[in-house]
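Remarks on the overall topology
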Amino acid sequence: MSDPSSVIDDLSRESEQLDDLVGELAEERWALATPAPRWTVAHQIAHLAWTDRSALLAVTDAAAFAQEVQKALASPDGFVDEGAEQGAALPPARLLAEWRAGRQALEKALRAAPAGTRFPWYGPPMSVASMATGRLMETWAHGQDIADTLQVTRPPTDRLRHVARIGVRARNFAFGVRGLTPPEEEFRVELTAPSGEVWTYGPEGAAQRVTGPALDFCLLVTQRANRADLAVRAEGLDADRWLDIAQAFAGPPGTGRAPKGTAE
C-alpha cells in the first residue's frame, strides 16, 4: 500500500466505533466477563491500550521497544495477559483515558512517519500500513468480544477489507504455527463485502477455493466465531483444512470459540 493514510483513517473510525460502545458504560459493566476466558471488558480495552503503547514505542523509540521484546521473550506465554491484567486493574475512567490518549498518539506518529519506513515488531518488521492494519484488526476483533458481551450487533462496514486481507495473507502462518506444511498452490478467495462488492484474492482458476460473506470470514480468521456457525465454504481438501485452523493474529494457535449452543 503506497499511501497508508486510508488505513489509518479506517483505524481511527474503528476505534471511535468501539469508543462509542464503552465510553458511557457504567463502572460495574467494565467487570463483565467477555467470551475470551478470564478477560473482562476492562481486559479487552487494557489489551488494546497496551498494544498501542508497544506500537508507539516501535514507531518512535526502537531501543525502548527492543527492551519490551526482551520482556516478551522472558515470559512468552504470559506477557500479553500480564499487560491486560495491569490495565484492567485501573479505574475504568483512567483506563479509558489512557486508551484514548495512546491510540491518538499512535495515529499521530503513524501519519508523521516517512514513506517507506519499517518498524521493529514482535515478528517481522512492519510498514506504516501494516502497523495500522494490524491495529485495526485487533481493535475490530476485541471490539467484537465487547459487543457480544453487551449483546450489541455492530453493523459491518467495508473496513473489514483490512481484516480479510490479513486473514488471507496469514494462510501459510496458520499452517506453519501448527507444524503443518503449507500448501504449495495458491487459493482463490472470494468474499462478499458489506457493501455488496466482491473482494477477490488469488488466481481465478485455482482448484482450492474459499467463498462467503466477508464478515463471516473475518469472524473465522480472528477466531471470534466457530466455523460451524458461519457461512464460509471451502472447495478442496487443503482449503477445507485451512478453514479449520485459520488465524489472522500472531502467536500460538488459538483455541477458538465453541459452536453456538455448546459449552465453552
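Residues numbered from 1 in each chain as written. Predicted model: local features only at pLDDT ≥ 70, side-chain atom pairs only at ≥ 80, totals over all residues. Heavy atoms only, no water.

As for helix α7 (residues 160-169)
With respect to burial, α7 is a largely interior element, 7 of its 10 residues being buried. What α7 keeps buried is the set L160, H162, V163, A164, I166, G167 and V168. (Buried < 20%, exposed > 50% of the residue type's maximum accessible area, 1.4 Å probe, protein only. Helix = DSSP H or I, 4+ residues; strand = E, 2+ residues; numbered from the N terminus.)

A short note on the environment of D244
Note that D244 resides in helix α10 (residues 237-245). Classification of D244 as exposed rests on a relative accessible area of 54%. The spacing of D244 and D20 is 224 residues in sequence and 33 Å in space, taken between C-alpha atoms.

Looking at the sheet that holds strand β6 (residues 233-235)
In any sheet, the strands associate via hydrogen bonds between backbone groups, in a parallel or an antiparallel arrangement. Strand order in this open sheet of 4 strands is β4-β3-β5-β6, and the pairing throughout is mixed. Each edge of the open sheet is held by one strand with a lone partner, namely β4 (198-201) and β6. For this sheet, the mean inter-axis angle between neighbouring strands, taken without regard to orientation, is 15°. Strand contacts of α7: β3 (188-192) and β4, with the helix running at about 25° to β4, the strand carrying the most contacts. Of the strands in this sheet, β3, β5 (209-213) and β6 are in contact with α10, which crosses β6 at around 150°. (Pairing = 2+ DSSP bridges. Axes fitted to C-alpha atoms, helices over the stretch in contact; angles between N-to-C directions. Contact = heavy atoms within 4.5 Å.)

Some details on the pattern of salt bridges
In this structure the tally under the stated criterion is 18 salt bridges. The residue E107 makes a salt bridge to R111 at a minimum N-O spacing of 3.1 Å. You can see E107 and its partner R111 sitting in helix α5 (residues 92-112), 4 residues apart, about one turn around the helix. In this structure, D244 engages R227 in a salt bridge whose closest nitrogen and oxygen atoms are separated by 2.8 Å. One end of the pair, D244, is in helix α10; the other, R227, is in the loop between α9 (214-221) and β6, with 17 residues separating them in the sequence. Through salt bridges that share partners, D9, E107 and R111 make up one connected network. (Salt bridge = Lys/Arg side-chain N within 4 Å of Asp/Glu carboxyl O.)

Points about the nonpolar core
Core analysis: the biggest nonpolar cluster contains 51 residues, and L110, F119, M131, V210, F217 and W242 have the highest contact counts within it. Sequence-distant contacts of M131, defined by excluding residues within four places in its chain, comprise A55, A58, V59, L110, F119, P120, W121 and M126. Counting residues in each nonpolar core, the second largest holds 18 residues, with W30, A42, A46 and L95 among its members. (Core = buried A, V, L, I, M, F, W, Y, C linked by side-chain atoms within 4.5 Å.)

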